[in-house]
Amino acid sequence: MTVRIGVIGTGAIGRDHARRINQVLSGGTITALSDVNRASAEAVKADIAPDATVFATGEELIASDQVNAVLVTSWGATHEQYVLAAIAAGKPCFCEKPLATTAEGARRIVDAEVAHGKRLVQVGFMRRYDEGYVALKAALAQTGAPIMVHAAHRNPTVPEAYTTPMAIHDTLIHEIDVFRWLLDDDYVSARVTFPRSCARTHAKLRDPQIVTLTTAKGVVINTEIFVNCHYGYDIQCEVVGEDGVASLPEPMAIRMRLNASLQNPILTDWKDRFVASYDVELQDFLKAAALGTASGPTSWDGYMAAVASDACVQAQEAEGESVAIPCPDRPALYA
Ligand code: NAI
Ligand code: NAD
Ligand code: ISE
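About the thresholds
Sequence positions are assigned chain by chain, starting from 1 and proceeding in written order. Chain letters start at A and ligand numbers start at 1, both assigned in the order the entries are written. The model is predicted, so local features are restricted to residues of pLDDT at least 70 and side-chain atom pairs to those at 80 or more, both for listing and for counting; the totals for chains, interfaces and linings are taken over all residues. For each residue, a C-beta atom is positioned from the backbone; the residue is called near a molecule or strand if that atom sits within 6 Å of it. For helices the rule is a DSSP run of H or I covering at least 4 residues; for strands it is a run of E covering at least 2, with both sets numbered from the N terminus onward. Lines are fitted to the C-alpha atoms to define the axes, a helix being fitted only along its stretch in contact, and any angle between axes, read from their N-to-C directions, falls within 0 to 180 degrees. Relative orientations are named as follows: roughly parallel for angles under 35 degrees, roughly antiparallel for angles over 145 degrees, roughly perpendicular for angles from 65 to 115 degrees, and oblique for any other angle. In this description, any two residues whose backbone-derived C-beta atoms lie within 7 Å of each other are considered to be in contact. Three residue categories are used. Nonpolar comprises Ala, Val, Leu, Ile, Met, Phe, Trp, Tyr, Cys and Pro, charged comprises Asp, Glu, Lys and Arg, and polar comprises the others, including Gly. Here, strands pair whenever DSSP counts at least two bridges between them. UniProt positions are given in the numbering used here, feature names are shortened, and annotations may be inferred rather than shown by experiment. Multiplying 1.5 Å by the helix residue count minus one yields the expected span of that helix. Backbone-placed C-beta atoms define the burial measure: a residue is buried with 20 or more other C-beta atoms within 10 Å of its own, exposed with 12 or fewer, and partly exposed in between. Comment: arc refers to directions from the helix axis out to C-beta atoms. Here is the rule for handedness: rotate from the far helix to the near one, and if that takes an anticlockwise turn smaller than a right angle the crossing is left-handed, while a clockwise turn gives right-handed. Boundaries of every domain are those given by an automatic assignment or by a domain database.

The full set close to ligand 1 counts 24 residues, and G9, G11, A12, S74 and E96 are the nearest of them. In terms of residues, the shell around ligand 1 owes the most to one element, helix α1 (residues 12-24), which gives three residues.

Further remarks concern the packing of helix α4 (residues 79-88) against helix α5 (residues 103-116). Look at α4 against α5: their axes get within 10 Å of each other, and the N-to-C directions meet at 5 degrees. Between α4 and α5, the angle is such that the two are roughly parallel. Facing E80, V83, L84 and I87 of α4, the residues of α5 in contact are G105, R108, I109, A112, E113 and H116. Class assignment for the residues of the contact of α4 with α5 results in five nonpolar, two polar and three charged.

Once that is clear, we can look at the site of ligand 2. With respect to spatial proximity, 24 residues lie near ligand 2, and among them G9, G11, A12, S74 and T78 are the closest. For the shell around ligand 2, the leading source of residues is α1, giving three residues. Split by residue class, the shell around ligand 2 holds seven nonpolar, 13 polar and four charged.

In space, the seven strands of this open sheet follow the order β12-β11-β7-β10-β9-β8-β15, with mixed pairing throughout. The sheet is open, and its two edges are formed by β12 (245-247) and β15 (323-324), each paired on a single side. Two elements, strand β8 (residues 187-193) and strand β9 (residues 209-215), share six bridges in a ladder whose sense is antiparallel. Bridge pairing links Y187 to T215 in β9. Together, β7 (146-154), β11 (234-241) and β12 form the strand contacts of helix α6 (residues 131-143), whose direction differs from that of β11 by roughly 25 degrees.

Time to look at the sheet that holds strand β3 (residues 53-55). Each strand in a sheet pairs with another by means of backbone hydrogen bonds, the pair being arranged parallel or else antiparallel. Pairing within the open sheet is parallel, and its six strands lie in the order β3-β2-β1-β4-β5-β6. With one partner strand each, in any of the chains shown, β3 and β6 (121-123) form the two edges of the open sheet. Taking each pair of neighbouring strands and ignoring which way they run, the sheet shows an average axis angle of 25 degrees. Judged from the six bridges that link them, strand β1 (residues 3-8) and strand β2 (residues 28-34) form a sheet pairing that is parallel. Along β2, the bridge assignment pairs I5 with I30.

Residues given the UniProt feature "domain: Gfo/Idh/MocA-like oxidoreductase N-terminal" (unreviewed entry) here are residues 3-125. Helix makes up 43% of residues 3-125 and strand 21%, whereas the separation of the span's terminal C-alpha atoms amounts to 21 Å.

Attention now goes to α5. For α5, which comprises 14 residues, the first-to-last C-alpha distance of 20 Å matches the rise-based estimate of 20 Å (1.5 Å per residue) to within 8%. What α5 keeps buried is the set A103, G105, A106, I109, V110 and E113. All buried residues of α5 project into a common sector of 165 degrees when viewed along the axis, lining one side. Contacts made by the buried residues of α5 are with α4, β6 and α10 (299-317).

Another aspect to go through is the environment of A56. Looking at where A56 falls in the secondary structure, it is placed in the loop between β3 and α3 (58-63). Judged by local crowding, A56 falls into the exposed class, with 11 C-beta atoms found within 10 Å. Separated by 20 residues in the primary sequence, A56 and V36 place their C-alpha atoms 7.7 Å from one another.

As a further point, take the packing of helix α7 (residues 166-183) against α10. Two measures define how a pair of helices packs: the angle their axes make with one another and the distance between the axes. Running from amino to carboxyl end, α7 crosses α10 at an angle of 125 degrees, the nearest separation of the two axes being 9 Å. With respect to each other, α7 and α10 are oriented oblique. For the crossing formed where α7 meets α10, the hand is right-handed. Contacts from I168, H169, L172, I173, I176, D177 and R180 in α7 reach D301, M304, A305, A308, S309, C312, V313 and Q316 in α10. In terms of residue class, the contact of α7 with α10 is made up of nine nonpolar, three polar and three charged.

Peptide bonds are mostly trans, and most non-glycine residues show a negative phi. Put simply, K97 and P98 share a cis peptide bond, and its omega is -5 degrees. Tracing the sequence through the fold places P98 in the loop between β5 (93-95) and α5. Not every positive phi belongs to a glycine, and D184 is a case in point at roughly 50 degrees. Residue classification places D184 among the exposed residues on the basis of 11 C-beta atoms within 10 Å.

In this section: the domain arrangement of the chain. Here the chain is partitioned into domain 1 (3-127 + 276-298) and domain 2 (131-268 + 306-334). The straight-line distance from the C-alpha centre of domain 1 to that of domain 2 is 26 Å. Listed per partner, the contact involves 18 residues of domain 1 and 15 residues of domain 2. Ranked by the residues each element gives to the side of domain 1 that touches domain 2, the list is headed by α5, at five residues. Each residue belonging to the side of domain 1 that touches domain 2 can be placed in one class, and the counts come to 10 nonpolar, four polar and four charged.

What follows is the structure, given as structure tokens:
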């Protein structure tokens, strides 16, 4: 069966996911598009999905019988309303991170899916599908029980609209999710410290910052978020275990001997760093959607990430103080 997909939000990642479904992956076709900026949806139709219908609103797209499954790739603050509408319509839904911008919002999605009685939602935590993270998780069998993690999430630059809390719910959210999965653990507390801000930042963004998360098993994770690092898009992770240390592999790059130096190019765009894992996550979505369900990262994962994310934002405000992270009971649907 070919799954007929509607995309809500046809900006940077919505356009890229539409291209994947129509030109790279199998089992899906884009039949519907919607964006608050209608011209953006019309442009994706012209370039990628000529047979798709452009809908005035996401709700109309979800209700349409031209749509069996929904991709929510609009701005984070709009995700909750569309995911809830997709669940109400009984249609599988892939939602880009964050599932919702607050834990309460993500909980409403969990409760709606539990009431529906079957999984319908996959959250766009694509790092779980990345070959490097999968290999790192396998390597932990050799390095022994993890004790510490040292990580960094660096972007070359961000727009003026990117503010201090976004470093958590837009950027660190990838680490928050992937470390729960990598360590098979939950968080108990968060602390944030700020070095002096870098010269390239702006008035509404303290950058860089260091987030320390402690897990239920006692692992301490230090992550540097530096979104004006200038030199490239760089994701680093090193796990220190009882018997050894395992590091996330660097992306493949041609090493060159040039001009009396040894050079390794570094990527600059997030779209390139996890390009293969976006393909794998969406292929997984299409496979499950053909059966009327969802697999991969769950609404519960999206909710737990939002709970930790809210605590990290509080920890930013309480600069240097430890903030507790609650660990609610997991519904049986996500066992
Ligand atoms: P963008 O700003 O390029 O695109 C968002 C699009 O959504 C815009 O075209 C905007 O007009 C549209 N939009 C906003 N509100 C809407 C609404 N209510 N209804 C319909 N359309 C609406 O943003 P970008 O970078 O594509 O990010 C979109 C989402 O993807 C965000 O949630 C972001 O966190 C996530 N994202 C995920 C990445 C990943 O690595 N998984 C990477 C980049 C973004
Ligand atoms: P973007 O600004 O390029 O695109 C967002 C689009 O959504 C815009 O076209 C905007 O007009 C549209 N939009 C906004 N509100 C809408 C609404 N209510 N209904 C319909 N359309 C609406 O942003 P982006 O970079 O594509 O990010 C979009 C989402 O993808 C965000 O949630 C972001 O966090 C996520 N994202 C994830 C990754 C990742 O690595 N997984 C990377 C980038 C972005
Ligand atoms: C963006 O939305 C992403 O998801 C990228 O993966 C991340 O590196 C970036 O900081 C976010 O803004």
